[in-house]
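# Notes for the structure review
Okay, here's what each chain looks like letter by letter:
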Amino acid sequence: MSQNHENEEHDHFYHYEDGAFECTKPGCNVRKLRNPDGTLRPQNPNIEAIKDDFLYHLGLGAASHDLVNMFSDVQFVCMGGTSARMEIFAHYIMKEIGHSLPTGADLQDITRKSQRFAMYKVGPVLCVSHGMGVPSIGILLHEIIKLMYHAKVKNPIFFRIGTCGGIGLEPGTVIVANQAVDEMGNNYYEQKICGKVVKRPAIVDKRLVNELLALSKPEDSFKVVTGATMCANDFYEGQGRTDGAFCEHSEEDKMNYLRELQNKGVKNIEMEATIFAALTYKAGIKSALVNVALVNRLKGDQVTTPKEVMMEWQNHPQILVGRYIKKKLSENKS
Ligand SMILES: O=P(O)(O)O[C@@H]1C[C@H](O)[C@@H](CO)O1
Ligand SMILES: O=c1cc[nH]c(=O)[nH]1
């Protein structure tokens with residue numbers, strides 16, 4: 001264990017209501033990740049020296065935009081793969097929290113100039129698309145975390161509202177990850193930096209997981225479960241599929257792998273979990289991975305469900321996260 005036990009959850013990671021973080025584990029010398037007012041402390045010492053930091057893939061800059069004015073009221077950042085899903089979510093959450101736009105105004109994609117991601121702001125909720133896979137969401141996370149810092153956002157909470165393949169789960173089921181692992185079962189995100197392998201613990205906030213699970217209702221048309229979410233670097237061979245353009249493993253290899261994952265507590269497979277958990281944890285941001293299963297991988301590889309059914313399933317994580325946001329906003333008011 002390192003002196004600041006970086007591979008374990010800090011005892012009091014989110015202990016203080018004002019957002020200040022301090023780990024009280026004996027011997028832990030971990031840095032504080034947030035200021036007492038809840039704003040983030042930059043984890044990169046170079047950031048403060050960059051006067052006009054430009055968030056290239058968002059098309060937003062500290063010099064060209066009044067980021068504090070535009071974003072300081074953000075409390076929740078919700079991410080998902082596609083721009084269409086995030087626009088749908090933006091409209092959904094607008095209704096849920098009773099937010100209205102000025103007469104005649106419509107939701108605008110704030111990052112449209114960059115032509116990379118799509119971002120909609122609905123009062124305290126930022127809805128952003130992240131594309132597919134670790135490299136894409138990684139770039140977005142770097143820039144969104146810097147945006148949080150530049151805009152002086154206080155105690156933001158991040159959600160990924162995604163899709164995945166379930167293991168032994170009925171399609172439509174929502175999985176709230178209590179752990180993020182890679183294809184080898186490692187509980188960290190591994191990145192090569194300047195020729196060195198850097199491992200960053202992929203830790204999700206267990207309290208947030210439990211709060212989300214408690215929001216599932218018996219009358220819901222979908223089940224909500226928890227377990228480990230596996231992050232693959234590929235949709236086809238990397239997830240054991242046998243229907244890619246190439247396949248040098250057998251159906252038996254695939255089933256053995258999937259069963260082995262299942263025995264280790266893996267409930268679902270997607271392509272962003274480890275980096276999302278690792279970078280938010282490193283930044284001192286509370287986060288959760290909420291995915292809906294589009295297919296039961298023990299029964300097949302192809303995702304052939306009609307589009308309208310899949311669109312309905314994609315709403316399931318949005319419903320759960322929407323309930324959480326609504327609850328937190330009403331608690332903050334009272
Ligand atoms: O949020 P999305 O639906 O993009 O999540 C999963 C993981 C990959 O990005 C993608 C593969 O189809 O779907
Ligand atoms: O099986 C699936 C379905 C959606 N997304 C994935 O990454 N895998």
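Analysis parameters
Residues numbered from 1 in each chain as written. Chains lettered and ligands numbered in written order. Predicted model: local features only at pLDDT ≥ 70, side-chain atom pairs only at ≥ 80, totals over all residues. Heavy atoms only, no water. Near = heavy atom within 4 Å. Polar contact = N/O pair within 3.5 Å; in protein donor to acceptor, adjacent residues only side chain to side chain. Areas by Shrake-Rupley, 256 points an atom, 1.4 Å probe, with all protein chains shown as cover. Helix = DSSP H or I, 4+ residues; strand = E, 2+ residues; numbered from the N terminus. Nonpolar A, V, L, I, M, F, W, Y, C, P; charged D, E, K, R; others polar. UniProt positions renumbered as here; feature names shortened; annotations may be inferred. Buried < 20%, exposed > 50% of the residue type's maximum accessible area, 1.4 Å probe, protein only. Contact = heavy atoms within 4.5 Å. Expected span 1.5 Å × (residues − 1). Phe/Tyr/Trp six-rings, centres within 6.5 Å; stacked < 30°, edge-to-face > 60°. Lys NZ or Arg CZ within 6 Å of the ring centre and 35° of its normal. pLDDT = per-residue confidence, 0-100. Pairing = 2+ DSSP bridges.

### Considerations on the site of ligand 2
- In the vicinity of ligand 2, the contacting residues are Thr163, Cys164, Gly165, Phe235, Gln239, Arg241, Ile269, Glu270, Met271 and Val295.
- The separation between an oxygen atom of ligand 2 and a polar side-chain atom of Arg241 is 2.7 Å.
- When isolated, ligand 2 has an accessible area of 240 Å², and the protein chains bury 92% of it.
- Residue assignment for the shell around ligand 2 shows that the elements contributing at least two residues are strand E6 (157-166) and strand E11 (266-270).

### Comments concerning the site of ligand 1
- In the region of ligand 1, the neighbouring residues are Gly81, Arg85, His130, Met132, Gly133, Arg160, Gly162, Thr163, Phe235, Met271 and Glu272.
- In the model, an oxygen atom of ligand 1 is placed 2.6 Å from a nitrogen or oxygen of the Arg85 side chain.
- A distance of 2.7 Å separates an oxygen atom of ligand 1 from a polar side-chain atom of Arg160.
- Considered on its own, ligand 1 offers 330 Å² of accessible surface; in the complex 86% of this is hidden by protein.
- Residue contributions to the shell around ligand 1 peak at three residues, all from E6.
- Considering only residue class, the shell around ligand 1 consists of three nonpolar, five polar and three charged.

### Notes on the UniProt feature "binding site: substrate" (unreviewed entry) in the protein
- Taken from the UniProt record, the annotation "binding site: substrate" (unreviewed entry) applies to Gln239 and Arg241.
- The residue Gln239 is located in the loop between strand E10 (224-231) and helix H5 (251-263) in this model.
- A residue is classified by how much of its surface remains accessible, and Gln239, at 3% relative accessible area, is buried.
- Setting aside residues up to four positions removed in sequence, Gln239 forms contacts with Ala232, Asp234, Leu258, Ile269, Glu270, Met271 and Arg297.
- Among the secondary structure elements, Arg241 is positioned in the loop between E10 and H5.

### Here we look at helix H2 (residues 83-97)
- Taking 1.5 Å per residue as the helical rise, H2 with its 15 residues ought to reach 21 Å, and the 21 Å between its terminal C-alpha atoms agrees with that figure.
- Among the residues of H2, Arg85, Met86, Phe89, Ala90, Ile93 and Met94 are the ones counted as buried.
- Among the structural elements, strand E3 (76-80), strand E4 (119-122), strand E5 (125-129), E6 and helix H7 (307-333) are those in contact with the buried residues of H2.
- Note on H2: the residue one or two positions beyond its end, Gly98, has a positive phi of about 65°.

### Topic: the packing of aromatic side chains
- The tally for this structure, following the rule as stated, stands at four aromatic pairs.
- Where Phe76 meets Tyr324, the ring centres are 6.4 Å apart and the plane angle is 90°; that geometry is what we call edge-to-face. Here Phe76, found in strand E3, pairs with Tyr324, found in helix H7; they are 248 residues apart in sequence, far enough to count as distant. Pair check on accessibility: Phe76 and Tyr324 agree, each one buried.
- Centre to centre, the rings of Phe235 and Tyr236 are 5.0 Å apart; their planes meet at 75°, and the pair counts as edge-to-face.
- Among the aromatic side chains, those forming a connected cluster through ring pairs are Phe76, Phe159 and Tyr324.
- Above the face of the Phe235 ring, Arg241 is positioned so that its terminal group lies 3.8 Å from the ring centre.

### What about the side chain of Thr173?
- With respect to the helices and strands, Thr173 occurs in the loop between E6 and strand E7 (174-181).
- Of the residues examined, Thr173 reaches a relative accessible area of 5% and is grouped as buried.
- Apart from the residues lying within four places of it in its own chain, the contact partners of Thr173 are Lys223, Val225, Asn291, Val292 and Ala293.

### Things to note about the side chain of Asp220
- Assignment of secondary structure puts Asp220 in the loop between helix H4 (206-213) and E10.
- Looking at Asp220, the relative accessible area reads 16%, which means it is buried.
- Of the polar contacts made by the side chain of Asp220, one reaches the side chain of Arg323; its length is 2.7 Å.
- When near neighbours in sequence (up to four residues on either side) are disregarded, Asp220 contacts Leu215 and Arg323.

### A look at the confidence of the model for the protein
- Predicted confidence across the protein gives a mean pLDDT of 91, with 90% of residues reaching 70 or more.
- Note that pLDDT drops below 50 for residues 14-20; the model gives that stretch 21 contacts with residues more than four away or on any other chain.
- Of the two predicted TM-score estimates for the complex, the pTM is 0.92 and the ipTM is 0.99.

### A short note on the pairing of E11
- In terms of burial, E11 is largely enclosed, as four of its five residues are buried.
- The pairing of E6 with E11 spans two bridges and is classified as antiparallel. Directly across from Gly165, in E11, lies its bridge partner Ile269.
- Across four bridges, the pairing between E10 and E11 is parallel.

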